[in-house]
Amino acid sequence: MNSACYVLLVLVVGTSLITPYPVWIGLHLLNLLTLLIYGADKLAACRGWRRIPENTLLLFGLLGGWIGALVGQQLFRHKTHKQPFRTWFMLSIAANIAAVSVGVWLMYGR
């Protein structure tokens, strides 16, 4: 299942590159994919199937899918209390926001 997540990530990146607005389309698709991955992991947890590693969930959030991850956590009641995952997840959100802020400042702030 973990391999499928990364194949889908490559498809999202490839699809977004052929659109007129690759960054915005890519972020929307990444958030949708992250939401679906959280749902799949919750289903796997309920059924006793093989799970998606936490590192994969954290990476998808760090790459920009953290909004989809937050929605998925609330919608599926998944990974909302587990520590240290929550701490690492919040740090990945902060790192993503900081990276985007620095990028925007470098492009437009000078």
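Residues numbered from 1 in each chain as written. Predicted model: local features only at pLDDT ≥ 70, side-chain atom pairs only at ≥ 80, totals over all residues. Heavy atoms only, no water.

Per an unreviewed UniProt entry, the protein chain is named DUF1294 domain-containing protein, and its organism is Rahnella woolbedingensis.

Digging into the UniProt feature "transmembrane region" (unreviewed entry) in the protein chain
Mapped onto this structure's residue numbering, the UniProt feature "transmembrane region" (unreviewed entry) falls at residues 26–45, 57–76 and 88–108. Along residues 26–45 one finds 100% helix and 0% strand; the C-alpha atoms at either end are 28 Å apart. A helix fraction of 100% and a strand fraction of 0% characterise residues 88–108, whose end C-alpha atoms lie 30 Å from each other. (UniProt positions renumbered as here; feature names shortened; annotations may be inferred. Helix = DSSP H or I, 4+ residues; strand = E, 2+ residues; numbered from the N terminus.)

Remarks on the layout of surface pockets
Roughly 350 Å³ of internal volume is contained in the largest pocket. Looking at the largest pocket, it is lined by 13 residues, and the ones nearest its centre are V23, W24, L27, N96 and V100. Broken down by element, the residue count for the lining of the largest pocket peaks at five residues, all from helix α2 (residues 22–47). Residues that form the lining of the largest pocket fall into these classes: nine nonpolar, four polar and no charged. By volume, the second largest pocket amounts to about 170 Å³. Every residue lining the second largest pocket is listed: L9, V12, V13, S16, L17, P22, V23, G26, L27, L30 and L63. Only α1 (2–17) and α2 provide two or more residues apiece to the lining of the second largest pocket. (1 Å grid on protein atoms, 1.4 Å probe; cavity = no way out; pocket = protein on both sides within 12 Å on 5 of 7 lines; lining within 4 Å. Points joined across faces, edges and corners; volume = space filled by probe spheres on them. Nonpolar A, V, L, I, M, F, W, Y, C, P; charged D, E, K, R; others polar.)

Quick look at α2
Its 26 residues place the ends of α2 36 Å apart at the C-alpha level, agreeing with the 38 Å of an ideal helix rising 1.5 Å per residue. All of the buried residues along α2 are G26, L30, N31, L33, T34, L35, I37, Y38, G39, D41 and A44. The first or second residue beyond α2 is G48, which carries a positive phi of 80°. (Expected span 1.5 Å × (residues − 1). Buried < 20%, exposed > 50% of the residue type's maximum accessible area, 1.4 Å probe, protein only.)

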